[in-house]
Amino acid sequence: MDYKLEQNVKVVVSYELSKSILEIISEKEFKKPMIVIDKFLLETSEIKKLLSELKDNKIDSVIYDEIVPDPPTEVVDKGAKVFNESGCDCIIGIGGGSSIDSARGINIVRTYGGKISEYATGKDIPERVEGLIAVPTTSGTGSELSNALIVTDSETKEKLAVLSNNAVSEFAILDPKLVATLPTNMTIATGLDTFAHAAEGYTSLLSSPITDAICEKIMYLVVKYLPKAVKNGADLEARQEMMIAAALGGWILNNAGTHVGHSQAHVIGAKYKMPHGMACAYALPGTLQYTSVIKMKKIREIGYILGASFPEDATDLEIGEITAAKFKEFRDTKLGLPAFSTFNIDEEEMLSNVDRLMKERFVGNSPMEIDEDLSKTLLKMFG
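Computed from a predicted model, the values in this text were never measured in an experiment. Every chain is numbered on its own, with residues counted from 1 as its sequence reads. Totals for whole chains, interfaces and linings use all residues, but because this is a predicted model, local features are given only for residues with pLDDT of at least 70 and pairs of side-chain atoms are given and counted only at 80 or more. No hydrogens and no water enter the side-chain calculation; it runs on all heavy atoms of the structure.

**Focus: the overall build of the protein**
Item 1. When you go through the protein residue by residue, the secondary structure sums to 15 helices and eight strands.
Item 2. As a reference, a globule follows 2.2 Å times the number of residues to the power 0.38, and the radius of gyration itself is taken over C-alpha atoms. Whereas a compact globule of 383 residues would reach a radius of gyration of roughly 21 Å, the protein reaches 20 Å, a difference of no more than 12%.
Item 3. Principal-axis analysis of the C-alpha atoms gives the protein an extent of 70 × 45 × 40 Å.
Item 4. Here, two residues are considered to be in contact whenever any of their heavy atoms come within 4.5 Å of each other. Relative to all contacts within the protein whose residues are 6 or more apart in sequence, the contacts with residues 24 or more apart total 78%.
Item 5. Reported accessibility uses the Shrake-Rupley method at a 1.4 Å probe radius. Residues are deemed covered only where the shown protein chains occlude them. Surface exposure of the protein reaches about 16000 Å², of which carbon and sulfur atoms provide 49%. By definition, any uninterrupted DSSP run of H or I lasting at least four residues is a helix, any uninterrupted run of E lasting at least two residues is a strand, and each is numbered from the N terminus.

**Focus on the packing of helix α11 (residues 296-306) against helix α12 (residues 316-334)**
Item 1. Helix axes are fitted to C-alpha atoms over the stretch in contact, other axes to C-alpha atoms as well, and angles between N-to-C directions run from 0 to 180 degrees. Contact geometry of α11 with α12 gives a least axis separation of 9 Å together with a crossing angle of 30°. Between α11 and α12, the interaxial angle falls into the category roughly parallel. For α11 against α12, the interelement crossing comes out left-handed. Judged by residue contacts, M296, I299, R300, I302, G303 and L306 of α11 engage D316, I319, G320, T323, K326, F327 and F330 from α12.
Item 2. Lys, Arg, Asp and Glu make up the charged group, whereas Ala, Val, Leu, Ile, Met, Phe, Trp, Tyr, Cys and Pro make up the nonpolar group; the residues left over, Gly among them, are polar. Residues of the contact of α11 with α12, tallied by class, amount to seven nonpolar, three polar and three charged. What sets the label is the angle itself: under 35 degrees gives roughly parallel, over 145 gives roughly antiparallel, 65 to 115 gives roughly perpendicular, and the rest give oblique. In this scheme the crossing of two helices becomes right-handed for a clockwise turn of the near helix relative to the far one and left-handed for an anticlockwise turn of less than a right angle.

**So, the packing of aromatic side chains**
Item 1. The rule is short: rings of Phe, Tyr and Trp, with Trp giving its six-membered ring, pair when the centres are within 6.5 Å, and they are stacked under 30 degrees, edge-to-face over 60, tilted in between. Applying the stated criterion across every chain yields a total of eight aromatic pairs.
Item 2. Ring geometry for Y282 versus F343: centroids 6.2 Å apart, planes at 80°, classification edge-to-face. Taken together, the residues Y282 in helix α10 (residues 276-291) and F343 in the loop between α12 and α13 (347-351) connect sequence positions 61 residues apart.
Item 3. Three labels apply to residues, based on accessible area from a 1.4 Å probe with only protein chains included: buried if under 20% of the type maximum, exposed if over 50%, partly exposed otherwise in between. What makes Y282 buried here is its relative accessible area of 1%.
Item 4. Look at F343 and you get partly exposed, because its relative accessible area is 23%.
Item 5. Centroid distance F340 to F382: 5.2 Å. Interplanar angle 75°. Geometry classified as edge-to-face. Highlighted residues: F340 in the loop between α12 and α13 and F382 in the segment after α15 (372-381), separated in sequence by 42 residues. Each member of the pair F340 and F382 is classed as buried.

**Some details on α11**
Item 1. Among all positions in α11, only M296, K298, I299, I302, G303, I305 and L306 are buried.
Item 2. Where α11 is buried, its residues touch α6 (184-203), α7 (209-231), α10 and α12.
Item 3. At the C-terminal side of α11, G307 shows a positive phi close to 95°.

**Notes on a nonpolar patch on the surface**
Item 1. A surface patch of nonpolar side chains, about 230 Å² in accessible area, is lined by V293, I294 and L317.
Item 2. Within the fold, L317 resides in helix α12. The patches described consist of residues with a relative accessible area above 30% and no salt bridge, like charges being joined within 9 Å and nonpolar side chains (Val, Leu, Ile, Met, Phe, Trp, Tyr) within 5 Å. What counts as a salt bridge is simple: a side-chain nitrogen of Lys or Arg found within 4 Å of a carboxyl oxygen of Asp or Glu.

**Some points on the nonpolar core**
Item 1. Counting 72 residues, the largest nonpolar core has L192, F195, I302 and F382 as the members making the most contacts within it.
Item 2. The residues contacting L192, other than those within four sequence positions of it, are L226, G277, A281, F327, F330, R331, L335 and L337.
Item 3. Among buried residues, those of type Ala, Val, Leu, Ile, Met, Phe, Trp, Tyr and Cys that are joined through side-chain atoms within 4.5 Å constitute a nonpolar core. Grouped together as the second largest cluster of nonpolar side chains are 26 residues, I67, A80, I108 and V162 included.

Quick look at the structure:
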């Protein structure tokens, strides 16, 4: 049966992180968590409080803080070794997408062995891996609910995707206080990643009427609340709504996927060390414009969400152009995303990625054929 919607993660929206984690640990009778975390977060008040509360409740823990952006496969494999050698029985993944993806990868390898790269090339995850509590500190990747995790091959610099409904977190805790001090540039980039998840899921070949409704709501939340979070990071209502939008965006990846926009982001982002959310935001205008030729009604709806209006006699491509322009206005003027030109990548260099783009894993979800000509066009429009 081809089910169109599934969600297997228990989600808590909480302003009391320590209390929520202690309740989960008690409920599941966990004894020794491994905490997979961005190192700098160990100096924050909320995490210091969590570590203190664990100690006060006589819960021993192991900290694994070797996480880096675009986590290489060896970080995951080493983490699984540390987990098993330390006698841990659960994982608390705290941080952005890199931390939570690393934690999810560690959970797979510690359960089923081998190396994480093997699971990106077809090794089976036969049953649900349990024991992972995901605690995001950004509002973008949606890794806390996603069934896709991304690691980087250190030699080729390629991003490897592990896709499995059996690899999702068991729990997710959304605490807006954890993102209240997120820097403005990261707030913008991660928020636009959320919008890209929804826009691409909405127009993917895997979309369905029920995922469409969720995607529309995600895009609405981003347009309404991301500018508020950028203007005032301490606005906890805006932060909460963006965390919810991001989590739903991660969930929608499982059910509707992404397509050529994320393919561009994976290829370009990995090669040129570009933050993922920024790469998605640079890829989206061209993606919207040329998706409109096949999915005009949906691209027009995205335009309406962004505040666009359309002439009655507008062609499919013109609707795509108007929607793409409105997104760029939202991205560049309302939010202030840095210009792509700051990366100093010329057109000839961009076009050197055509073959890699055409072979990227998520291209197959695109509603239009991604041939060489369209790949060149999209790469020329990237930015």
